[in-house]
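# Commentary on secondary and tertiary structure
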Amino acid sequence: MLQDQVAIVTGASRGIGREIALSFAKSGAKIVVNYAGSDDRAEEVVSEINANGGEAIKFKANVSNESEVKAMIKETITRFGSLDILVNNAGITKDNLLMRMSEADFDEVIDVNLKGVFLCTKAVTRQMMKQKSGRIINISSVVGISGNPGQANYVSAKAGVIGLTKTTAKELAPRNILVNAIAPGFIATDMTDRLTDEQKEQMLKLIPLNKLGEVLDVANVALFLASKQANYVTGQTIQVDGGMVM
Amino acid sequence: MADAFEKVKQIVVDRLDVDEDKVTLEASFKDDLEADSLDVVELVMELEDEFDIEIADEDAEKISTVGDAVNYINSNQ
């Protein structure tokens, strides 16, 4: 489906990003596995892709740092010669009730989860405009639509990503660059493992399909959005949440 | 000057699909050559590649006529 396309997946050392990297590679894409901290886990993803006959490199860059982002894009183009798909997946949480949330925790989450999407998108635009084609897939969250207590920073960032997706889609549509967002619900990852059993039980009550999502459920939608099958889809936010928010 | 102008003219003609005689030094990209803002951004990118220069965003915003582009290229090469 993605034969010989080049994709950057941010935050690809684990969770949803990892699964997207692996499934894009399986579909024939060359992958840049971006990560910020866990070098070992990024290396594992690269090894797994290469072992299965794919092609991947890892690149350490904090998405909220413009010069690191630019260096990553440059290396991608030098190494693979083009850049067709960007998946803005990197994200962090610093949950707390609004009254107890520090300014630093608010800023840090906005920096990575929202500004990071802006910086990576800006940096790939030039190459995609030249190629007159490209796909940008932003991983938002269903809480960016519904709100969620204890996540003022995260929700603000994820709602911001949806607005950014729509604006970018409109600006870049004349150059055949399609920009969409995915809003996952409750997906089993490291990030959701940290929730207490009580929190998990409460969430399950809200999900009509009555189960957690798997990272593959999200990767499958990302694959669709990156593929030719989504040629007429842009500016959309697709929820992958088991019906949690309608 | 003449050399840069000829090259810029060629790029503008190709990129914006306009008649060569419309591309004068005084011609405004947006008003006279019917470029939209994305066209201008692309044009600037192409000039950067062609002349092997880097045009900062602040400077790029000031380029509104063909002459502005030619002047910028001549003083930064």
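Residues numbered from 1 in each chain as written. Chains lettered and ligands numbered in written order. Predicted model: local features only at pLDDT ≥ 70, side-chain atom pairs only at ≥ 80, totals over all residues. Heavy atoms only, no water.

To keep things clear, this is the line we draw: UniProt positions are given in the numbering used here, feature names are shortened, and annotations may be inferred rather than shown by experiment.
Looking at an unreviewed UniProt entry, one finds chain B named Acyl carrier protein, with Gracilibacillus boraciitolerans JCM 21714 as its source organism. Turning to chain B, the UniProt annotation filed under Sequence similarities (unreviewed entry) states: "Belongs to the acyl carrier protein (ACP) family." Under Function (unreviewed entry), UniProt gives the following word-for-word description of chain B: "Carrier of the growing fatty acid chain in fatty acid biosynthesis."

The name given to chain A in an unreviewed UniProt entry is 3-oxoacyl-[acyl-carrier-protein] reductase, with Gracilibacillus boraciitolerans JCM 21714 as the source organism. Taken directly from UniProt, the Sequence similarities (unreviewed entry) text for chain A runs: "Belongs to the short-chain dehydrogenases/reductases (SDR) family." Per its UniProt entry, chain A bears the Catalytic activity (unreviewed entry) comment "a (3R)-hydroxyacyl-[ACP] + NADP(+) = a 3-oxoacyl-[ACP] + NADPH + H(+)".

## A few points about the overall build of chain B
Here is the rule we go by: To qualify as a helix, a DSSP run of H or I must reach at least 4 residues; to qualify as a strand, a run of E must reach at least 2; elements of each kind are numbered from the N terminus. Throughout, the radius of gyration refers to the C-alpha atoms, and the reference size of a globule is 2.2 Å times the residue count to the power 0.38. The cut-offs for exposure are 20% and 50% of the maximum accessible area for each residue type, with area from a 1.4 Å probe on protein chains only; residues under the lower value are buried, those over the upper are exposed, and the others partly exposed. In this description, contact between two residues means that some pair of their heavy atoms is separated by no more than 4.5 Å. Working definition of accessibility: Shrake-Rupley area with a 1.4 Å probe, residue cover restricted to the visible protein chains. Only four residue types enter the tally: Lys and Arg on the positive side, Asp and Glu on the negative side, with His and both chain ends excluded. Every charge is mapped to an atom, namely NZ of Lys, CZ of Arg, CG of Asp or CD of Glu.
Regarding its fold elements, chain B presents 4 helices and 0 strands. Starting at the N terminus and walking to the C terminus, you meet the elements of chain B as α-α-α-α. Computed over the C-alpha atoms, the radius of gyration of chain B is 11 Å, within 12% of the 11 Å expected from 2.2 N^0.38 for a compact globule of 77 residues. Oriented by its inertia axes, the alpha-carbon framework of chain B measures out at about 25 × 25 × 20 Å. Burial status across chain B gives 47% buried among its 77 residues. Looking at chain B alone, contacts between residues at least 24 apart form 51% of all its contacts between residues at least 6 apart. Per element, the accessible surface of chain B, about 4400 Å² overall, is 41% carbon and sulfur. Counting 6 positive and 25 negative side-chain charges, chain B places the averaged centre of each group 2 Å from the other.

## Focus on the nonpolar core
All names here are of chain A. Which entries qualify depends on this criterion: Each nonpolar core is a collection of buried residues, namely Ala, Val, Leu, Ile, Met, Phe, Trp, Tyr and Cys, held together in the definition by side-chain atoms within 4.5 Å.
In this structure, Ile20, Phe24, Ile31, Ile137 and Ile182 are the most contacted members of the largest nonpolar core, which totals 35 residues. Going through the elements one at a time, β1 (6-9), α1 (15-26), β2 (30-35), α2 (39-51), β4 (85-88), β5 (134-139) and α9 (215-226) are the ones with two or more residues in this core. Per-element accounting of this core gives the leading share, 8 residues, to α9. Those residues in contact with Phe24, other than ones at most four positions away along the chain, are Leu2, Ala7, Ala29, Ile31, Ile85, Val87, Ile137, Ala219, Ala222, Leu223 and Ala226. Counting residues in hydrophobic clusters, the runner-up holds 28 residues, among them Met72, Val112, Cys120 and Val179.

## Some points on the side chain of Thr165 of chain A
Residues and elements named next belong to chain A. Heads up, the rule is: Contacts described as polar in this section are N or O atom pairs within 3.5 Å, which, within protein, must combine one atom able to donate a hydrogen with one able to accept it, while residues neighboring in sequence count only if both atoms come from side chains.
Relative to the helices and strands, Thr165 is located in helix α6 (residues 152-172). Engagement of the side chain of Thr165 in a polar contact is seen with the side chain of Asn138, the distance being 3.0 Å. A distance of 2.6 Å separates a polar atom in the side chain of Thr165 from the backbone oxygen of Val161. Discounting residues that sit within four places of it in the chain, Thr165 has contacts with Asn138, Val179, Asn180, Ala181, Gly235 and Gln236.

## Brief notes about the interface of chain A and chain B
Stated precisely, the cut-off is as follows: Buried surface area refers to the total accessible area, computed with a probe of radius 1.4 Å, that the two partners give up upon joining, counted for both partners together. Salt-bridge detection follows one rule: a side-chain nitrogen of Lys or Arg within 4 Å of a carboxyl oxygen of Asp or Glu. Residue polarity follows a fixed list, in which Ala, Val, Leu, Ile, Met, Phe, Trp, Tyr, Cys and Pro are nonpolar, Asp, Glu, Lys and Arg are charged, and the others, Gly among them, are polar.
Tallying the contact residues gives 8 residues for chain A and 10 residues for chain B. Counting each side, the surface lost to burial between chain A and chain B is near 750 Å², with a carbon and sulfur contribution of 46%. Considering only the side of chain A, the residues that lose the most area to chain B are Arg126, Met129 and Arg175 of chain A, jointly responsible for 66% of the buried surface there. Counting across the chain A and chain B interface gives 7 salt bridges. With a closest N to O distance of 2.8 Å, Lys130 of chain A and Asp49 of chain B form a salt bridge. Counting residues per element, the side of chain A that touches chain B draws most heavily on helix α4 (residues 103-131) of chain A, at 4 residues. In the side of chain A that touches chain B, the residues fall into 2 nonpolar, no polar and 6 charged.

## A short note on unusual backbone geometry
Even without being a glycine, Asn210 of chain A presents a positive backbone phi close to 55°. Under the relative-accessibility criterion, Asn210 of chain A is labelled exposed at 54%.

## Some remarks on the environment of Glu48 of chain B
Structurally, the position occupied by Glu48 of chain B is in helix α2 (residues 37-51). Taking relative accessible area as the criterion, Glu48 of chain B reaches 8% and is therefore assigned buried. Spatially, the C-alpha atom of Glu48 of chain B lies 8.9 Å from that of Ile73 of chain B, the residues being 25 residues apart in sequence. Not counting residues up to four positions away in its chain, the partners in contact with Glu48 of chain B are Arg126 of chain A together with Ile53, Glu54 and Ile55 of chain B. A polar side-chain atom of Glu48 of chain B sits 2.7 Å from the main-chain amide nitrogen of Ile55 of chain B.

## Side note on the UniProt feature "modified residue: O-(pantetheine 4'-phosphoryl)serine" (unreviewed entry) in chain B
The UniProt record marks Ser37 of chain B with the feature "modified residue: O-(pantetheine 4'-phosphoryl)serine" (unreviewed entry), using the residue numbering of this structure. One can find Ser37 of chain B in helix α2.

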